[in-house]
Structure formats: C-alpha cells, structure tokens
Amino acid sequence: MNQSFIVIDYGKKLGKKKFDSLFDAHTKYTYNGEVDPNQYRTWHTILNSENVSEEELLVACLKIFDWGKVLPGNVRSVIGLYEQKKLKEYIFSVKEFLKYQKTIDISDLVNDNIQWSSGWTKVYSFINPNILIYDSRVSAFLNFTLIRNYNTLNKTQKEDFHILTKSLFNFRGFGKRERKVSNIFGFKNQHPKGIAGFNANLISSWIIQCTKEHLAINEEIRSFERAFFMLGFDLKQIK
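Residues numbered from 1 in each chain as written. Predicted model: local features only at pLDDT ≥ 70, side-chain atom pairs only at ≥ 80, totals over all residues. Heavy atoms only, no water.

### A word on the pairing of strand S2 (residues 16–19)
Note the following rule: Following DSSP output, two strands are said to pair if at least two bridges run between them. Only DSSP runs of H or I with at least four residues qualify as helices, and only runs of E with at least two residues qualify as strands; both kinds are numbered from the N terminus onward.
Pairing analysis gives 3 bridges linking strand S1 (residues 5–9) to S2, with the strands arranged antiparallel. Across the sheet, the residue bridging to Ile8 is Lys17, located in S2. Connecting S1 to the antiparallel partner S2 that follows it, the hairpin turn spans 6 residues, and Gly11 within it adopts a positive phi of roughly 95°.

In structure tokens form, the structure reads like this:
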C-alpha cells in the first residue's frame with residue numbers, strides 16, 4: 001500500500017505523474033471527476049427506492065452512462081428494459097445479487113439476461129458502494145497485484161488462487177498499453193459480458209473488501225478503484 005511508483009507517462013493529455021503510494025494515486029485521479037456528494041446520494045436513492053418509477057430509473061441510468069462517458073450500447077440496453085417495462089424489476093433483482101458473498105460462481109443463481117458492460121458496472125457501483133467499477137485499467141492493476149503476491153502463498157492457497165483467477169478477466173490493452181498479465185494463472189483473455197462479467201465484478205469487489213478488512217485500511221472502495229484506475233494505465237511502466 002505504501003509503495004511508491006515511478007513516473008507514469010499518460011501521454012499528451014495528462015503528461016507524466018509520480019505517485020508516492022497507492023492512495024496518492026487515488027488523490028491524483030483525473031478522469032470523469034468526482035461525483036458531487038448530493039448527486040451520488042440522489043442516484044443511490046433512486047436506484048434503491050421501492051417507490052421509484054421506471055422513468056426515474058431510466059434517467060438515472062442514462063445520467064450515469066453520460067458521467068462515465070459510456071453511452072453507446074448501454075443506452076440501447078437500458079432503453080430496451082424500459083420499453084419492456086422491466087427496468088425496475090431488473091434493478092431490484094440485481095440489487096440482491098450485489099450483496100451476495102457466499103460463492104465464487106453465482107451463474108446458477110442469475111439468469112442469462114444479466115447486464116454487464118463498462119456502463120452497467122458503474123450503475124452497480126451506485127446501487128451498492130461496496131461494488132468496484134470493474135474496467136480494463138482496474139482489472140489490470142488488480143491482476144498485477146494478485147500475481148505479484150503469488151509466491152508468498154502455500155500450496156493450498158495457490159490452488160485456491162487459481163480457482164479465483166479463472167473467474168477474473170484480462171482485458172485487452174489499447175495501442176501499445178499493456179493491461180494483460182501472464183495467462184498461466186488462468187485469467188480469461190476476452191472482454192467480459194453477461195453473467196461472467198457480473199461474476200468477475202463481484203469477485204473483484206470482494207477482493208478489495210477483504211483487503212480492507214484484513215489490513216484494517218480506512219479507505220472507501222472508491223479510493224481503491226481510482227488508484228487502480230490510475231496505476232493500471234500501462235503495466236509495463238510500473239513493472
């Protein structure tokens with residue numbers, strides 16, 4: 001947690017940044033911007049209210065997609081649910097699974113119509129603050145951190161580790177940016193979607209929750225998320 005990271009070059013738009021620790025990277029997060037606390041409470045309340053209308057849920061989801069700059073594709077999926085008058089039903093059913101922490105694979109509990117994408121992971125994070133926004137950069141740094149600690153595990157722990165990593169994803173990097181880790185650990189080399197993406201999203205969130213508890217770190221999930229987002233930009237620059 002206290003390791004410093006050499007300068008990371010983010011290109012012309014952001015330039016070079018140096019981080020004194022993991023959470024220094026969180027404080028220097030520069031993408032999408034902080035959600036105003038009042039706006040966060042509004043979206044969180046709407047997504048969790050029993051008296052909310054389909055229209056209110058639709059608007060909240062669209063605003064979250066807009067904030068996250070992930071409108072294409074996600075708009076079609078949320079409007080599809082709205083037109084079928086199933087958006088409220090879907091949000092309330094998925095809310096229960098976002099609390100689930102009893103198994104590594106929930107595919108037998110959730111139907112094939114589960115939504116997962118770079119947009120829906122953001123919606124889920126506003127429903128439940130313990131859910132990590134799981135994208136290519138967050139996944140990259142999480143996977144990188146996991147395998148760096150692999151050799152500290154005993155034989156039984158290593159067997160459990162491989163069960164865990166087989167449910168997580170190696171996202172494709174962009175251009176020359178490296179975001180994949182060694183696949184000898186079983187990470188899925190594809191873009192997540194549906195139940196597999198949702199399941200990986202849950203597992204990544206559980207890992208951070210366990211880290212917080214085990215190391216007694218007084219930071220929110222969002223702090224880890226923003227730090228991972230900054231540090232997962234290009235793994236070859238932090239190796």
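### Description of the layout of surface pockets
Keep this limit in mind: Here a cavity denotes a set of grid points, spaced 1 Å apart and computed over the protein atoms alone, in which a 1.4 Å probe fits but from which it cannot get out, and a pocket denotes an open set meeting protein on both sides within 12 Å along at least five of seven lines; residues with an atom within 4 Å of a point are reported as lining. Grid points are joined across faces, edges and corners, and a volume is the space filled by probe spheres set on the points. Three residue categories are used. Nonpolar comprises Ala, Val, Leu, Ile, Met, Phe, Trp, Tyr, Cys and Pro, charged comprises Asp, Glu, Lys and Arg, and polar comprises the others, including Gly.
Of the voids in this model, the second largest pocket is the one considered here, and its volume is about 960 Å³. Around the second largest pocket, the lining comprises 26 residues; the ones closest to its centre are Thr145, Leu146, Asn149, Ile207 and Thr211. Listed by contribution, the elements that provide at least two residues to the lining of the second largest pocket are helix H7 (136–148), helix H8 (155–165), helix H9 (194–215) and helix H10 (221–231). Among the elements that line the lining of the second largest pocket, the one with the most residues is H9, at 7 residues. Per-class residue counts for the lining of the second largest pocket are 16 nonpolar, 8 polar and 2 charged.

### Description of the nonpolar core
Selection rule: Think of a nonpolar core as a cluster: buried Ala, Val, Leu, Ile, Met, Phe, Trp, Tyr and Cys residues, connected wherever their side-chain atoms sit within 4.5 Å. Using a 1.4 Å probe on the protein chains alone, a residue whose accessible area is under 20% of its type maximum counts as buried, one over 50% counts as exposed, and one in between counts as partly exposed. Only heavy atoms enter the contact rule, under which two residues are in contact if any of them lie within 4.5 Å.
By size, the foremost hydrophobic cluster in this structure holds 74 residues, and its most contacted members are Leu47, Ile91, Trp120, Val123, Tyr124, Phe198 and Phe228. In this structure Trp120 touches Cys61, Phe65, Asn74, Ser77, Val78, Leu81, Leu87, Tyr90, Ile91 and Gln115, once residues within four positions along its chain are discounted.

### Concerning helix H6 (residues 120–127)
Burial runs high along H6: 8 of the 8 residues are buried. Within H6, the full set of buried residues consists of Trp120, Thr121, Lys122, Val123, Tyr124, Ser125, Phe126 and Ile127. Tucked into the core, H6 has its buried residues touching helix H2 (37–48), helix H3 (54–67), helix H4 (74–83), helix H5 (87–97), H9 and H10.

### Some thoughts on the packing of aromatic side chains
Applied cut-off: A pair of aromatic rings is counted whenever rings of Phe, Tyr or Trp (Trp by its six-membered ring) have centres within 6.5 Å, and the orientation is called stacked for planes under 30 degrees apart, edge-to-face for over 60 and tilted otherwise. Charge over a ring is defined by NZ of Lys or CZ of Arg lying within 6 Å of the ring centre and within 35 degrees of the ring normal.
A complete count under the given rule lists 19 aromatic pairs for this structure. Ring geometry for Tyr10 and Phe19: centres 6.5 Å apart, planes at 80°, overall edge-to-face. Phe19 carries the same exposure label as Tyr10, and that label is buried. Pairing Trp116 with Tyr134 gives two aromatic rings, centres 6.3 Å apart and planes at 70°, and the pair type is edge-to-face. Of this pair, Trp116 sits in the loop between H5 and H6 while Tyr134 sits in the loop between H6 and H7, and the two are 18 residues apart along the sequence. Note on accessibility: Trp116 and Tyr134 belong to one class, buried. Through successive ring pairs, a cluster of aromatic residues spans Phe23, Phe141, Phe144, Phe224 and Phe228. Against the face of Phe229 rests Arg137, its NZ or CZ located 4.0 Å from the ring centre.

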